[in-house]
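Each chain is listed here by its residues.
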There are 2 protein chains.
Amino acid sequence: MEKVYDVILARNPPRGRAFINRIAGALPLFLLALGTTDTAKIPSISAAGATPEITDFTPPADAELLYYGRCRCISGVPITPEGIPTPALITRSALRLAGMPSIVAVGGLRVAPSIPFINLGGLPGMDIKTGCAVKDAAEVLEKATIAGDHLTRNSDYVVVGESAPGGTTTALGVLVSMGYDAWGKVSSSMPRNPHKLKRSVVETALTSACLREGSLRNDPLKAISCVGDSMMPAAAGLILGAARNVPVIMAGGTQMAALLAIVNSLNPALAGNLAIGTTRWLIEDGTSDLIGLVSQIADIPVLAADMNFSKSRFAGLQAYERGVVKEGAGAGGSAIAAMAWSHGRITGDALLHEMEAGYESLVDLGKQGER
Amino acid sequence: MEKVYDVILARNPPRGRAFINRIAGALPLFLLALGTTDTAKIPSISAAGATPEITDFTPPADAELLYYGRCRCISGVPITPEGIPTPALITRSALRLAGMPSIVAVGGLRVAPSIPFINLGGLPGMDIKTGCAVKDAAEVLEKATIAGDHLTRNSDYVVVGESAPGGTTTALGVLVSMGYDAWGKVSSSMPRNPHKLKRSVVETALTSACLREGSLRNDPLKAISCVGDSMMPAAAGLILGAARNVPVIMAGGTQMAALLAIVNSLNPALAGNLAIGTTRWLIEDGTSDLIGLVSQIADIPVLAADMNFSKSRFAGLQAYERGVVKEGAGAGGSAIAAMAWSHGRITGDALLHEMEAGYESLVDLGKQGER
């Protein structure tokens, strides 16, 4: 596929190239929206934590890692059940190499991060099987829109990422309830994507909420409220507020398809300022279809950071090449931003080297802790 | 006194002029630090609320007014016991006329504002007579410093204001404990400045904390912890983080002298990026001495917005000319920023007109509410 720097033009290459040209050389503000859903605690549904219960700590731990290079609310860093580390390590490396400023916005969490963060007054997300997932979607979306506007009046552009374990299942819920053909198309942090389980959870959720596929075609706020997660109103508001002023890289995998459906339904005029930024692992994933989802929603470019961890010194990072993790915490979008800011001087390999240095010091720290 | 636009060069005119030249034409980010102190509930000490108890609502109400043009946590707007309205009306007008973005940071409050705000994890401030005013000053200062750094990497400069009822008494506590000659020099929102009462409160506070005048000359964090308020670590951190990157207008009256003492003690190298921005009413006030305080601490310019409300249609605004309120919520500094951004096109009179329009709609709203 065509590339500019180490950025793959994965969908609509002419618009993707034009988008990169608009942002090249500019330093964006990186915004990370955090949220939880108790859906992540359904066994085998998410690998964004060593155990289902600990997924509550993954978003705040990711955010702490960005600011301090280590976590505070947990020891070590968030890992999958197999011990593969969080993609926030990639984000941290991209932010450091480019000197990119970052602000974290909380849509609703059970554990607050030990950093300065934007409080949007939201509650943690409930299990979507209840059909009542997010109680305060409208208020959080309103506040996040204000924040997105104010934070970007002085910026060249922004990158909006997410950390929300279980978020591909809630993305499936929102997409299906809004009428998109999304069955079997959302991604997973696991190499074996549990599509059957996700479908069964979403079908139960729709029934609980008295919904059918497509019944919320024009009501994205109700889709979040019934079958979404607490990250969604935060990220959607930030994107809606920011895209009035500046270009926005929506940084993530198939969760960004759900956010695109929400944002595009609330304000279709913003599409010209949007691109999705993700990773090569995500677009090469045979078990999901980000491009197919985006194409149903809006004709925006999809960009993918070309990183290859197969030669990493660390087995935990090599595992990314086997389709574990793939994306999260705005990893792909922040990597693309660092590449574009540096006119390609920051490569996928440079990000890996920076990441290995950071990871090494964390592993050393862990060993000291064990003594 | 010398003026540039409608900005009075109230201290060190050459440096003041140079500072204005640096920022002219640029659009800053306005940051508002909120905090409370139970010291404000001592009868007759503060007029930043109709009654002592209601001062808990003044900072969140000021912040809501900036974002929405009306308050949410109270009906009407914060007023003095005589009904004179909050200076946040001036700030709101300056932000609107210049299209200036704003972000609110909470150091510690009893009532959360209904806006997106930066949570710094702090608790409300206790009465300084206990000698244990702020429990978490170091953590809040650290987080605010991070936020101040990240928020300003993409900005030309920032304005940092405060809303903290009772804050001149805590300012007196911090200044005296750090060894400055501040007795009888801090300002008041009342025309009759209760210096005797403030002195008695601060003397009790110092005794409770086992301190004497000057014993915390080199320990500003302990000064905040013992005799300060919860706004201080938030505002000080924002200034410390921001002034590394960009010029900072410290927007306020004598509370900014205490913040200057704190900031200058923690990082004296930043002074070249600092100016205090206040109002004409404050520097013409015969019952306080901002210039005298600043001159003891650091040789930075003091700027004052020249506004005159004597011809206002509203008695509540005319009262500002009698020395009521004088300053607060970053009124003077945001007015200066609007004047400098517009190269003087936004005048003191233009701010009054904008303010009267906003105030009129609020008064109408109040009448509707009474029906």
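Everything discussed here concerns the structure shown above.
Everything numeric here is computed off the predicted structure, so don't read it as measured data. (Residues numbered from 1 in each chain as written. Chains lettered and ligands numbered in written order. Predicted model: local features only at pLDDT ≥ 70, side-chain atom pairs only at ≥ 80, totals over all residues. Heavy atoms only, no water.)

Quick look at the overall build of chain A now. If you tally the helices and strands in chain A, you get 14 helices and nine strands. For chain A, the C-alpha atoms occupy an extent of roughly 50 × 50 × 40 Å along the three principal directions. In chain A, which comprises 371 residues, the proportion classed as buried is 67%. For chain A, the proportion of contacts with a sequence separation of at least 24, taken over those separated by at least 6, is 79%. (Helix = DSSP H or I, 4+ residues; strand = E, 2+ residues; numbered from the N terminus. Buried < 20%, exposed > 50% of the residue type's maximum accessible area, 1.4 Å probe, protein only. Contact = heavy atoms within 4.5 Å.)

Residue and element names in this part refer to chain A. One can find aspartate 127 in the loop between β5 (117–119) and α4 (137–152). In this structure, aspartate 127 is buried with no salt-bridge partner, the nearest side chain bearing the opposite charge being lysine 129 at 4.3 Å. In terms of polar contacts, aspartate 127 uses its side chain to reach the backbone amide nitrogen of lysine 129, at 2.9 Å. Leave out the neighbours within four places in its chain, and aspartate 127 touches Asp38, Thr39 and Ile42. (Lys, Arg positive; Asp, Glu negative; His and termini not counted. Salt bridge = Lys/Arg side-chain N within 4 Å of Asp/Glu carboxyl O. Polar contact = N/O pair within 3.5 Å; in protein donor to acceptor, adjacent residues only side chain to side chain.)

Right, let's get into the interface of chain A and chain B. Across the contact, 27 residues belong to chain A and 27 residues belong to chain B. Carbon and sulfur atoms supply 57% of the area buried between chain A and chain B, which totals about 2,200 Å² over both sides. Ranking the residues of chain A by area buried against chain B places A:Pro116, A:His150 and A:Asn154 at the top, with a combined share of 27%. For the pair chain A and chain B, the interface holds two salt bridges. Between B:Glu142 and A:Arg72 there is a salt bridge, and its shortest N-O distance comes to 3.2 Å. Applying the counting rule to chain A against chain B returns ten residue pairs in polar contact (both at pLDDT 80 or more). Mapped onto the side of chain A that touches chain B, the elements with two or more residues apiece are α2 (58–68), β4 (102–108), β5 and α4 of chain A. (Buried area = accessible area lost by both parts, 1.4 Å probe.)

Residues and elements named next belong to chain A. Locating threonine 279 in the fold gives a position in strand β8 (residues 274–279). With relative accessibility at 0%, the residue threonine 279 sits in the buried group. Expressed as a C-alpha distance, the spacing of threonine 279 and alanine 304, which sit 25 residues apart in the sequence, is 4.5 Å. Discounting chain neighbours no more than four positions away, the residues touching threonine 279 are Ala304, Ala305, Met307, Lys326, Glu327 and Gly332.

In this section: the state of the cysteines. In a disulfide, the sulfur atoms of two cysteines are held together by a covalent bond. Within the structure shown, the criterion is met by zero disulfides over all chains. Free cysteine A:Cys71: the closest other cysteine sulfur is in A:Cys73, separated by 6.4 Å. Cysteine B:Cys210 is unpaired, with the sulfur of B:Cys226 as its nearest cysteine sulfur at 8.9 Å. By relative accessible area, which is 71% here, B:Cys210 ends up exposed. (Disulfide = S-S within 2.5 Å.)

Residues and elements named next belong to chain A. At a minimum axis separation of 8 Å, helix α3 (residues 88–98) and helix α13 (residues 331–341) run at an interaxial angle of 20°. Regarding the angle of α3 to α13, the classification is roughly parallel. Two packed elements cross with a definite hand, and for α3 against α13 that hand is left-handed. Across the interface between the two elements, Ile90, Thr91, Ala94, Leu97 and Ala98 of α3 pack against Ala331, Ser334, Ala335, Ala338 and Trp341 of α13. When grouped by side-chain class, the residues that make up the contact of α3 with α13 number eight nonpolar, two polar and no charged. (Axes fitted to C-alpha atoms, helices over the stretch in contact; angles between N-to-C directions. Parallel < 35°, antiparallel > 145°, perpendicular 65-115°, else oblique. Left-handed = near helix turned anticlockwise from the far one by under 90°. Nonpolar A, V, L, I, M, F, W, Y, C, P; charged D, E, K, R; others polar.)

Residue and element names in this part refer to chain A. The buried count for β4 comes to seven of seven residues, which makes it a mostly enclosed element. With six bridges connecting them, strand β3 (residues 29–35) and β4 associate as parallel partners. Residue leucine 32 lies in a different strand from β4, and its bridge partner there is valine 104. Bridge count for β4 against β5 is two bridges, and the pairing is parallel. In the sheet register, alanine 105 faces β5, and the bridge partner there is isoleucine 118. (Pairing = 2+ DSSP bridges.)

Soluble globular proteins tend to pack their nonpolar side chains together in the buried interior. If you look at the biggest cluster of nonpolar residues, it comprises 284 residues, and the most contacted ones within it are A:Leu175 and B:Leu175. Setting aside chain neighbours within four positions, we find A:Leu175 in contact with A:Tyr180, A:Ala182, A:Val186, A:Ala257, A:Ala258, A:Ala261, A:Leu293 and A:Ile297. (Core = buried A, V, L, I, M, F, W, Y, C linked by side-chain atoms within 4.5 Å.)

The next point concerns the packing of helix α9 (residues 254–266) of chain B against helix α11 (residues 290–297) of chain B. Residue and element names in this part refer to chain B. α11 packs onto α9 with a crossing angle of 5° between their chain directions and a minimal axis gap of 9 Å. With respect to their mutual orientation, α9 and α11 come out roughly parallel. Across from Thr254, Ala257, Leu260, Ala261 and Asn264 in α9, the residues of α11 making contact are Leu290, Leu293, Val294 and Ile297. Residue composition of the contact of α9 with α11, grouped by class: seven nonpolar, two polar and no charged.

Turning our eyes to something else, we now look at the environment of B:Leu260. Residues and elements named next belong to chain B. Mapped onto the elements of the fold, leucine 260 is located in helix α9. In the structure, leucine 260 is positioned 40 residues away from isoleucine 300 in sequence and 9.5 Å away in space, judged by C-alpha atoms. Excluding residues that lie within four positions of it along the chain, leucine 260 makes contacts with Met250, Leu274, Ile276, Val294, Ile297, Ala298 and Ile300.

Quick look at the relation of the copies chain A and chain B now. Turning chain A through 180° and shifting it by 0.0 Å along the axis lays it on chain B, with an RMSD of 0.0 Å. Here the transformation between the copies is reduced to the relation of a two-fold axis. Residues of chain A ranked by C-alpha distance from the rotation axis are headed by A:Ile118, positioned 2.1 Å from it. In this assembly, 100% of the residues forming the interface of chain A have copies in chain B that are likewise at the interface, indicating an isologous arrangement. (Least-squares fit on C-alpha atoms with pLDDT ≥ 70 in both.)

Our next topic: the packing of aromatic side chains. Residues and elements named next belong to chain A. For the structure on display, the rule yields eight aromatic pairs over all chains. With a centroid separation of 4.9 Å and an interplanar angle of 65°, the aromatic rings of tryptophan 281 and phenylalanine 309 are classed as edge-to-face. Separated by 28 residues along the polypeptide, tryptophan 281 in helix α10 (residues 280–283) and phenylalanine 309 in the loop between β9 (302–305) and α12 (315–318) bring together distant segments of the chain. Both residues of the pair, tryptophan 281 and phenylalanine 309, count as buried. (Phe/Tyr/Trp six-rings, centres within 6.5 Å; stacked < 30°, edge-to-face > 60°.)

What follows covers α11(B). All of the buried residues in α11(B) are B:Leu290, B:Gly292, B:Leu293, B:Val294 and B:Ile297. Next to the buried residues of α11(B) lie β2 (7–11), α5 (167–177), α9, β8 (274–279), α10 (280–283) and β9 (302–305) of chain B.

Residues and elements named next belong to chain A. Of all the eleven residues making up helix α5 (residues 167–177), eleven are buried; the element is thus mostly covered by neighbouring parts of the structure. Of the positions making up α5, those classed as buried are Gly167, Thr168, Thr169, Thr170, Ala171, Leu172, Gly173, Val174, Leu175, Val176 and Ser177. Looking at the buried residues of α5, the elements they touch are α6 (195–208), α7 (220–227), α8 (231–243), α9 (254–266) and α11 (290–297). Two residues or fewer past α5, glycine 179 is found with a positive phi of approximately 95°.

Turning next to the environment of A:Gly214. All names here are of chain A. Structurally, the position occupied by glycine 214 is in the loop between α6 and α7. It is 4.5 Å that separates the C-alpha atoms of glycine 214 and methionine 178, two residues lying 36 residues apart in sequence. Not counting the four nearest positions on each side in its chain, glycine 214 is found in contact with Val176, Ser177, Met178 and Gly179.

Our focus in this paragraph is unusual backbone geometry. Residue and element names in this part refer to chain A. Here the phi dihedral of cysteine 210 falls at roughly 55°; this positive angle occurs in a residue that is not glycine. Inspection of the secondary structure assignment puts cysteine 210 in the loop between α6 and α7. At lysine 326, a position not held by glycine, the phi torsion is positive, near 75°. Following the sequence through the fold, lysine 326 ends up in the loop between α12 and α13. Residue classification places lysine 326 among the buried positions, given a relative accessible area of 2%.

So, on to the pairing of strand β3 (residues 29–35) of chain B. Across a regular strand the side chains alternate sides, sitting on one face of the sheet and then on the other. Residue and element names in this part refer to chain B. Burial runs high along β3: seven of the seven residues are buried. Residues Leu29, Leu31, Ala33 and Gly35 line one face of β3 and the alternating positions Phe30, Leu32 and Leu34 line the opposite face, and both faces are buried. Pairing geometry for β3 and strand β6 (residues 158–163), over six bridges, is parallel. Of the residues in β6, the one forming a bridge with leucine 29 is valine 158.

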